[in-house]
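# Residue-level structural notes
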Amino acid sequence: MARVAAALVEWRGWLEDLAERFERFPLGDDRSEQERRLTWEQGAAHLVTVVVDRTGAGDAWYGHCQQVLTWFLTRWGVSEDRAEHLVDEAIGGRFQSWIEPSLVTVGDVAERLAESLSGET
């Protein structure tokens, strides 16, 4: 029972950490489209990197990464279905179990996601 409780506390801490990180990269405000796009790109790259660090790029880590990016988009008003689609399109099967993505790949995924969000918020 103690291990279950510890796991739940750890999970809650992770969710709270993610919520704080989401707030650092607002997707909707009065900034220019270019400034927002840069924020989205930076946020996505940051979140992918955090998930890789958190999971150690272990078995199917990319599934959790997709989940986190989807949560990030829905936090800022993108519908869940649309967010899932945009994240799937941005990642495009380029993440693999047990392999940490290169910085170039992370940047490309973040850029593709930011491009797809233009006009969303």
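Residues numbered from 1 in each chain as written. Predicted model: local features only at pLDDT ≥ 70, side-chain atom pairs only at ≥ 80, totals over all residues. Heavy atoms only, no water.

Moving on, we get to the overall build of the protein. Per the secondary structure count, the protein includes 5 helices and 0 strands. Counting from the amino terminus, helix and strand elements in the protein follow one another as α-α-α-α-α. Taken over the C-alpha trace, the protein has a radius of gyration of 15 Å; the compact-globule value for 121 residues is 14 Å, and the two agree within 12%. Reported as C-alpha extents along the three principal axes, the dimensions of the protein are approximately 50 × 30 × 25 Å. (Helix = DSSP H or I, 4+ residues; strand = E, 2+ residues; numbered from the N terminus. Rg over C-alpha atoms; globule rule 2.2 N^0.38 Å.)

Here the structure, examined in full by the defined rule, presents 7 salt bridges. One salt bridge in this structure joins Glu-10 and Arg-54, with 3.6 Å as the shortest N-O distance. Of this pair, Glu-10 sits in helix H1 (residues 2-23) while Arg-54 sits in helix H2 (residues 33-55), and the two are 44 residues apart along the sequence. A residue is classified by how much of its surface remains accessible, and Glu-10, at 49% relative accessible area, is partly exposed. Between Glu-33 and Arg-36 there is a salt bridge, with its nearest N and O atoms 2.5 Å apart. Within this pair, Glu-33 and its partner Arg-36 are both found in helix H2, separated by 3 residues, close to a single helical turn. (Salt bridge = Lys/Arg side-chain N within 4 Å of Asp/Glu carboxyl O. Buried < 20%, exposed > 50% of the residue type's maximum accessible area, 1.4 Å probe, protein only.)

Let us now look at the packing of H1 against helix H3 (residues 61-75). Packing of H1 against H3 brings their axes to within 10 Å, and their N-to-C directions diverge by 50°. Taken together, the axes of H1 and H3 are oblique relative to one another. In the packing of H1 onto H3, the handedness of the crossing is right-handed. Across the interface between the two elements, Trp-11, Trp-14, Leu-15, Leu-18, Phe-22 and Glu-23 of H1 pack against His-64, Val-68, Trp-71, Phe-72 and Arg-75 of H3. Its residues assigned to classes, the contact of H1 with H3 shows 8 nonpolar, 1 polar and 2 charged. (Axes fitted to C-alpha atoms, helices over the stretch in contact; angles between N-to-C directions. Parallel < 35°, antiparallel > 145°, perpendicular 65-115°, else oblique. Left-handed = near helix turned anticlockwise from the far one by under 90°. Contact = heavy atoms within 4.5 Å. Nonpolar A, V, L, I, M, F, W, Y, C, P; charged D, E, K, R; others polar.)

Under the 1.5 Å per step criterion, the end-to-end length of helix H4 (residues 80-91) is 16 Å for 12 residues, consistent within 8% with the ideal 16 Å. Within H4, the full set of buried residues consists of Ala-83, Leu-86, Val-87, Ala-90 and Ile-91. Down the axis of H4, the buried side of the element spans an arc of 125°, and every buried residue falls inside it. Buried positions along H4 lie against H3 and helix H5 (103-117). Remark: Gly-92 follows H4 within two positions and exhibits a positive phi of approximately 55°. (Expected span 1.5 Å × (residues − 1). Arc of directions from axis to C-beta.)

On to the side chain of His-64. Within the secondary structure, His-64 sits in helix H3. Under the relative-accessibility criterion, His-64 is labelled buried at 15%. Contact partners of His-64, with chain neighbours within four places excluded, come to Trp-11, Trp-14, Val-51, Thr-55 and Trp-71.

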